[in-house]
Amino acid sequence: MHFKKLALTGLSAVVGLSGLVATEVMAQNEQFIPVLSYRTGPYAPSGIPNANGLTDYFKLVNKRDGGINGVKITWEECETQYNTAKGVECYEKLKNKGPTGASIVNPYSTGITYQLIPKSAVDEIPILSMGYGRTAAADGRVFPYVFNFPTTYWSQASAFVKYVGQQEGGMDKLKGKKIALIYHNSAYGKEPIATLKALQAKFGFKLELLAVDHPGQEQKATWLQVRRYRPDWVFMWGWGVMNQVAVKEAAAIRFPMEKFIGVWWSGSENDVIPAGDKAIGYKSGTFHGTGAETPMHADILKHLYGGDHKAAWQNSFGQVLYNRGLVNAMYMVEAIRTAQGIHGKKPLTGKQVRDGLEQLDITAARLKELGMEGFLRPLKISCADHESGGPVIIQQWDGKRWNLASDWIEPMTDVIRPMVEKAAAAYAKENKITPRTCS
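As the structure is a computational prediction, the values presented were derived from the model and not from experiment. All chains use their own residue numbering, which begins from 1 and follows the written sequence. Residues qualify for local features only when their pLDDT is at least 70, as the model is predicted, and side-chain atom pairs are given and counted only at 80 or more; totals for whole chains, interfaces and linings, by contrast, use all residues. Think of the side-chain values as coming from all heavy atoms in the structure, minus any hydrogens and water.

Draft legend 1. Structural context of the overall build of the protein. The secondary structure content of the protein amounts to 16 helices and 13 strands. Here the term buried applies to any residue with accessible area under 20% of the maximum for its type, exposed to any over 50%, and partly exposed to those in between, with areas from a 1.4 Å probe on protein chains only. Per-residue burial over the protein gives 55% buried out of 439 residues. By definition in these notes, contact holds between two residues if any of their heavy atoms fall within 4.5 Å. Here the analysis covers contacts within the protein between residues at least 6 apart in sequence; of these, 71% occur between residues at least 24 apart. Shrake-Rupley sampling with a 1.4 Å probe provides the accessible areas, and residues are treated as covered by the protein chains on show and by no other component. Here the protein has roughly 18,300 Å² of accessible surface; of this, 53% comes from carbon and sulfur atoms. For the purpose of counting charges, residues Lys and Arg are taken to be positive, whereas Asp and Glu are taken to be negative. His and the chain ends are not included. The location of each charge is read from NZ of Lys, CZ of Arg, CG of Asp or CD of Glu. Side-chain charges in the protein split into 51 positive and 41 negative, and the spacing between the mean points of these groups amounts to 2 Å. Every helix listed is a DSSP run of H or I at least four residues long, and every strand listed is a run of E at least two residues long, numbered separately from the N terminus.

Structure, rendered in structure tokens:
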């Protein structure tokens, strides 16, 4: 009896130990990604759907595919409230988690991005600031650890001007036209100003700059200035509650919505629904499709929500910023997959994932395999170009949903790329960085 009890105790210890070993092995076969999110604070209406889309894609890859070539994705959210200091704290808190440390970070704020750029090269953790952040980081010779594909604020600003030229009947028709830029009074909001000034000099339109202080709930004085200035077009670089307030104020002064265009962070359902039918016709830039009709969306609905449309809609499924989170997560997953092709199918360090980002080549065929055919443009990253060309498309609100309202618009790279290289060279000089040579 005593011997039997000892034997069983020993067996239990062995089973327990083997379970512990199995758990440890499993934990070692994980790729950790920190998620800097903001589900609280004044920007939460924008932050929530974005974070939901991002994490849903990770869940899909784990559940449907068993991870990335068998390596499970793990993540931890850290609340930033879109606050730069809190964002840096979150980065420091999460950067060493996981078996190989943080593999890639998305700051989800231009202010946070600016603060993390000097840290990224030291910590060897790449930054993906997808469509935001420091535009000069598109020059990979100076910013080897920062990527801002598929397009940047400067490219978008040039695409907006090109779109206005198309609507007016030709770029030569821009001369004398009035354009007002209403912008969030922050590093983010100021990003397009240099581009618009350069294009103003090139095409002869008039430019009025109108800053809106955080968080943007009080704009009556701004829109009185718009009323007095009587612009032909209004561009908006807003975020969070600022956007819906601006749309309401534009409606109040009867500014034509079809001539009001927001940056891609000013073009979500949250920005237009509060204004009701008065928002119909409002436009924004984007770099991906609309709705939830792709095979990728069908997979999410099937694998994560069991076909329950109501539960999916409650999680922002198919909304603009939910879709943007999906796209962001897909880019990260494909970069890790590419890096595995270089370094092996195992958990990778940030330095190794950086190699995958720089060799990322998402073809039309690959987009079809991912269930995203027609939803995105293919892209190819290189050592020197961390943006990838940057085409933009215009979407328009019809009162119920967003619809694509233009063809893809190629940015004015003849203007933008020299500006990028000049700004990158200035940053390199200021920070004593020797640019890489790219073959």
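Draft legend 2. Seen up close, the packing of helix α11 (residues 295-305) against helix α13 (residues 320-343). Two numbers describe how α11 lies on α13: the axes approach to 13 Å, and their chain directions differ by 90 degrees. The pairing of α11 with α13 is recorded here as roughly perpendicular in orientation. Contacts from Met296, His297, Ile300 and Tyr305 of α11 reach α13 at Tyr322, Asn323 and Leu326. Structural elements are reduced to axes, namely lines fitted to C-alpha atoms, with helices fitted over the stretch in contact, and the angle between N-to-C directions of any two is expressed from 0 to 180 degrees. Reported orientations rely on four angle classes, namely roughly parallel under 35 degrees, roughly antiparallel over 145, roughly perpendicular from 65 to 115, and oblique for the rest.

Draft legend 3. Examining the sheet that holds strand β7 (residues 233-237) more closely. Sheet architecture is open: seven strands sit in the order β6-β5-β7-β8-β9-β12-β13, paired in mixed fashion. Edge positions in the open sheet fall to β6 (206-212) and β13 (402-404), since each of these has one partner strand only. On average, each strand axis in the sheet is inclined to that of its neighbour by 25 degrees, with strand direction left out of account. In this description, strands pair whenever DSSP reports at least two bridges between them. For strand β12 (residues 393-397) and β13, the ladder comprises three bridges, and the chain directions are antiparallel.

Draft legend 4. How the structure looks around the packing of helix α2 (residues 44-65) against α13. Contact pair α2 / α13: the axes reach a minimum separation of 7 Å and the direction vectors enclose 40 degrees. As summarised for this structure, α2 and α13 are arranged oblique, according to the angle between their axes. Considering only the axes of α2 and α13, their crossing is right-handed. Seen from α2, the contacting residues are Ser46, Pro49, Asn50, Asn52, Gly53, Leu54, Asp56, Tyr57, Phe58 and Val61; seen from α13, they are Leu321, Tyr322, Arg324, Gly325, Leu326, Asn328, Ala329, Met330, Met332 and Val333. Note that Gly is not counted as nonpolar here; it falls among the polar residues with everything else outside the nonpolar set of Ala, Val, Leu, Ile, Met, Phe, Trp, Tyr, Cys and Pro and the charged set of Asp, Glu, Lys and Arg. Class assignment of the residues belonging to the contact of α2 with α13 gives a composition of twelve nonpolar, six polar and two charged. Definitions for this section: a left-handed crossing has its near helix turned counterclockwise from the far helix by less than a right angle. A right-handed crossing has that turn clockwise.

Draft legend 5. Structural view of the packing of aromatic side chains. When the centres of two rings from Phe, Tyr and Trp lie within 6.5 Å, Trp using its six-membered ring, the rings pair. Their planes under 30 degrees apart give stacked, over 60 give edge-to-face, and anything left gives tilted. Inspection of every chain in the model, using the stated rule, returns 26 aromatic pairs. Here Tyr153 and Tyr188 contribute two aromatic rings whose centre-to-centre distance is 5.5 Å and whose plane-to-plane angle is 55 degrees, an arrangement assigned as tilted. Of the two residues, Tyr153 sits in helix α5 (residues 153-168) while Tyr188 sits in helix α6 (residues 187-190), which places them 35 residues apart along the sequence. Judged on exposure class, the residue Tyr153 and its partner Tyr188 are both buried.

Draft legend 6. A look at the nonpolar core. With 86 residues, the main nonpolar core has Phe235 and Tyr331 as its most contacted residues. The element best represented in this core is α13, accounting for twelve residues. Leave out the neighbours within four places in its chain, and Tyr331 touches Leu128, Met130, Phe149, Pro150, Leu360, Ile362, Leu376 and Leu379. Take the buried Ala, Val, Leu, Ile, Met, Phe, Trp, Tyr and Cys residues and link them wherever side-chain atoms come within 4.5 Å; each set so joined is a nonpolar core. With 25 residues, the next largest nonpolar core counts Tyr229, Met257, Trp397 and Trp402 among its residues.

Draft legend 7. Examining unusual backbone geometry more closely. Cis rather than trans, the peptide bond between Phe149 and Pro150 has omega equal to 10 degrees. With an omega of -5 degrees, the peptide bond running from His214 to Pro215 counts as cis. Despite not being glycine, Glu124 has its phi angle at roughly 55 degrees, a positive value. Although it is not a glycine, Ser316 sits at a positive phi angle of roughly 75 degrees. As for its placement among the helices and strands, Ser316 is situated in the loop between α12 (309-314) and α13. For Ser316, a relative accessible area of 9% puts it in the buried group.

Draft legend 8. Spatial organisation of the pairing of β7. When you tally the buried positions in β7, you get five out of five residues, the bulk of the element. Alternating positions in β7 separate into two faces, Trp233, Phe235 and Trp237 on one and Val234 and Met236 on the other, with burial throughout. As paired strands, strand β5 (residues 178-184) and β7 are joined by five bridges and run parallel to one another. The residue bridging Ile179 from the neighbouring strand is Trp233, located in β7. Pairing of β7 with strand β8 (residues 260-262) involves three bridges; the strand directions are parallel. Paired with Val234 across the two strands is Phe260, which belongs to β8.

Draft legend 9. Layout of the pattern of salt bridges. We define a salt bridge as a contact between a side-chain nitrogen of Lys or Arg and a carboxyl oxygen of Asp or Glu at a distance within 4 Å. Tallying each qualifying case throughout the model produces 26 salt bridges. With its nearest N and O atoms 4.0 Å apart, the salt bridge here joins Lys59 to Asp56. Of this pair, Lys59 and Asp56 both sit in helix α2, three residues apart, which is roughly one turn of the helix. The buried category is assigned to Asp56, whose relative accessible area is 2%. Residue Glu92 is joined to Lys119 by a salt bridge in which the shortest nitrogen-to-oxygen separation is 2.9 Å. Within this pair, whereas Glu92 is found in helix α3 (residues 84-94), its partner Lys119 is found in helix α4 (residues 110-123), the two being separated by 27 residues in sequence. Exposure remark for Glu92: the relative accessible area of 31% places this residue in the partly exposed category. Among the residues examined, Lys119 registers a relative accessible area of 28% and is labelled partly exposed. Taken together, the salt bridges that share partners define one network made up of Glu92, Lys95, Lys119 and Asp123.

Draft legend 10. Region of the structure containing helix α8 (residues 220-229). The set of residues buried in α8 consists of Thr222, Trp223, Val226 and Tyr229. One side of α8 holds all its buried residues, which, seen down the axis, span an arc of 115 degrees. With respect to the buried face of α8, the exposed residues turned more than 90 degrees away are Lys220, Ala221, Arg227 and Arg228. A positive backbone phi angle near 55 degrees is found at Arg230, which sits one or two residues after α8. The directions from the helix axis to the C-beta atoms are what the arc is built from.

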